[in-house]
Structures are given as structure tokens and as C-alpha cells.
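# Structure assessment
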Amino acid sequence: MLTICSFLQSFCRLMHTLTARTVSVTKRMHRTSAILMTGTAVIAVLSFSCGVFSGGGRNALTAYAGAASLQEEVDPIVEEETETEGTVLLTQANIPFHLVNSENRQRGRQLVGATLARSVEREQEMRSARQTAIRKNKEEIRRIAQQRAEEERLLAEEEARQAAAVVRYSDQDYEVLTRIVQAEAGVCDMKGKILVANVVINRVRDNEFPDVITDVVYQKNQFSPVGNGSINRCHVSDETVEAVDRALAGEDYSDGALYFMNRGVSQSGNVRWFDGSLTYLFQYDGHEFFK
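The following paragraphs examine the structure supplied in this document.

About the thresholds
- Residues numbered from 1 in each chain as written.
- Predicted model: local features only at pLDDT ≥ 70, side-chain atom pairs only at ≥ 80, totals over all residues.
- Heavy atoms only, no water.
- Helix = DSSP H or I, 4+ residues; strand = E, 2+ residues; numbered from the N terminus.
- Buried < 20%, exposed > 50% of the residue type's maximum accessible area, 1.4 Å probe, protein only.
- Contact = heavy atoms within 4.5 Å.
- Areas by Shrake-Rupley, 256 points an atom, 1.4 Å probe, with all protein chains shown as cover.
- Pairing = 2+ DSSP bridges.
- Axes fitted to C-alpha atoms, helices over the stretch in contact; angles between N-to-C directions.
- Parallel < 35°, antiparallel > 145°, perpendicular 65-115°, else oblique.
- Left-handed = near helix turned anticlockwise from the far one by under 90°.
- Nonpolar A, V, L, I, M, F, W, Y, C, P; charged D, E, K, R; others polar.

Moving on, we come to the overall build of the protein. Looking only at helices and strands, the protein has nine helices and three strands in total. Start at the N end of the protein and walk to the C end: the helices and strands fall as α-α-α-α-α-α-α-α-β-α-β-β. Within the protein, the proportion of its 291 residues that are buried is 28%. Look at the contacts in the protein between residues 6 or more apart in sequence, and 70% of them connect residues 24 or more apart. For the protein, the accessible surface area stands at approximately 19200 Å², while carbon and sulfur atoms represent 55% of it.

It is worth spelling out the sheet that holds strand 1 (residues 259-261) at this point. In spatial order, the strands read 1-3-2; together these three strands make up an open sheet with antiparallel pairing. Each of the sheet's edge strands pairs with one partner strand only, and the pair in question is strand 1 and strand 2 (280-284). Taken pair by pair, the neighbouring strands of this sheet meet at an average axis angle of 25°, ignoring direction. In the sheet, strand 1 pairs with strand 3 (residues 287-290) via three bridges, with the strands oriented antiparallel. Each bridged residue has a counterpart across the sheet, and for Y259 the counterpart in strand 3 is F290. Here helix 9 (residues 268-277) sits on the sheet and contacts strand 1 and strand 3; the angle it forms with strand 1, its principal contact strand, is near 140°.

One way to put it is that helix 4 (residues 171-185) packs onto helix 8 (residues 238-248) with a least axis distance of 9 Å and a crossing angle of 120°. Classified by the angle between their axes, helix 4 and helix 8 sit oblique to one another. The two elements helix 4 and helix 8 meet at a crossing, and its hand is right-handed. Residues Y174, L177, T178, V181 and Q182 of helix 4 form the contact with helix 8, whose own contacting residues are T240, V241, V244, D245 and L248. When the residues that make up the contact of helix 4 with helix 8 are grouped by side-chain class, the tally is six nonpolar, three polar and one charged.

Right under this line is the structure:
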């Protein structure tokens, strides 16, 4: 029996060594191996015990003791391998978890970086847009200020010119005067244009005529361009504007003339009235001036 026990112990040590070297054995395989070894030991003991009936009681007891001893030796192996297996499995599980976690952190950092970059870019765009809007507003304000200053300057000049003018006039009066000068003396030189403007101004200052330029020009049967409508069709030249400005400023060559006519284009009845009713003053550039 001692030989059998020694054999079983050697067998258990062998299995223990093999099991210890095999890392990939699972807990269930450990338990299966232990059961097989225990069953083998029991069968071996019973087989030897059956050959000698005289020692049956002691042999069975010895076999039970050997089986128990074998089980005690196997259980620590199973526990140790179970712990080893759990450690291996946990380590194998931690590896992909660590990789996934590291990858997620990397993606998270990239996402945060991209978000910050977009935020900075948007902030720069908004800042640039605000600066552009401010610059445009400043330019617009400067343009408006310059335009207003120019308008004020022109208004001041016009007011000063009107204040210095020989007669008071409105914007409408000014336009009417330039048109009647253009229609009556458009082909004349500067002095010829100023003379026509002088006649209109003299009438405004005379008590026998209206005291407003527009009313003087549109008085019935006084100026032929009003009767035929050419006053509204003419295009006022810069020279005519200058002539009117000079006449309003006091430049006068008329000697107080209140009438003028172009004898070559006037009706004979009008010519007789001019010659018989008015005082002839002088002739200039196709026009004869009367008082």
C-alpha cells in the first residue's frame, strides 16, 4: 500500500507541475482534472484492495486517506490557478479597456482642440466684422459731416450772395431769371446776357412793375419766350449762370433800361410802340435798349 500511495503522490505532483505550467487552463478544467485524479486513485486503491481480503478494512481506510490527501493537494492548485486565471483574464480585459480609454481621451482632446480653434476663429471673424462695421460707420459719419459742411458752406455763400444782391430772390426766382436770359440772349456774349438780366432786375426795383423776379418775367405780353414756351425748353449754359450771378451781384451796363427788343425779329406793331412810346438808350449785340 505504501508503494501505491507513493505512486499516487508522484502522479499528483506530476499533474500539479503540468497544470502549473499550463497557464491557459480554466477553472472548470482544474476541477475536472482533480475529479479524474481522485477517481483514478480510488479505483486503484479498490483494485488493490480486492486482491487481499484480509486487509480490506485497512486498505479502504488508507485509500480514503490517500484520496483525501490528494484532494487537499489538488484544491490549492485549483485555487491558485483560478486566481492566476482571473488575473490573466482581468489583465487581458484591461488591455483593450485601456486602449479604448486612451483612444477616447485622444479623441476628446482633438474634439476640444477643434472646438477651441473654431471658437477662436469665430471670435476673430466677429472682431474683424465689428472693426469693419466701425470703420464703415466712421467713414459714413465723416462723409455725412463733410457733405453737411459743404451744404452749409454753399448755403452760407448763397445767403451772403442774396444779402449782397441788388434785389431779393428765391430759388425759383433765380431759375426763372437764368431761363429768360438764356431764351432771350443765348447767342449773345457775356455782356449781352448781363444786359438782359439788368433789365429784369431794373423792373423789380421799379414801382411800375412787380417786385418779384418771377412775376416780372411772367407778366402778360412782356417777354416773347414766355408766350411761345421757349423759356421752358431752353438749356441754361454755365456762361448764362455766371452772367446772372454777376448781374445780381450788382454788375450793371443797362443805364436803367426797362425794355429791350430785337428789331429784326420783332413785329412791326411792337417796333412802332417802342419807337413812339419809349426813350431809346443804346444798342448792343442785336438788342436795342429803352427806358
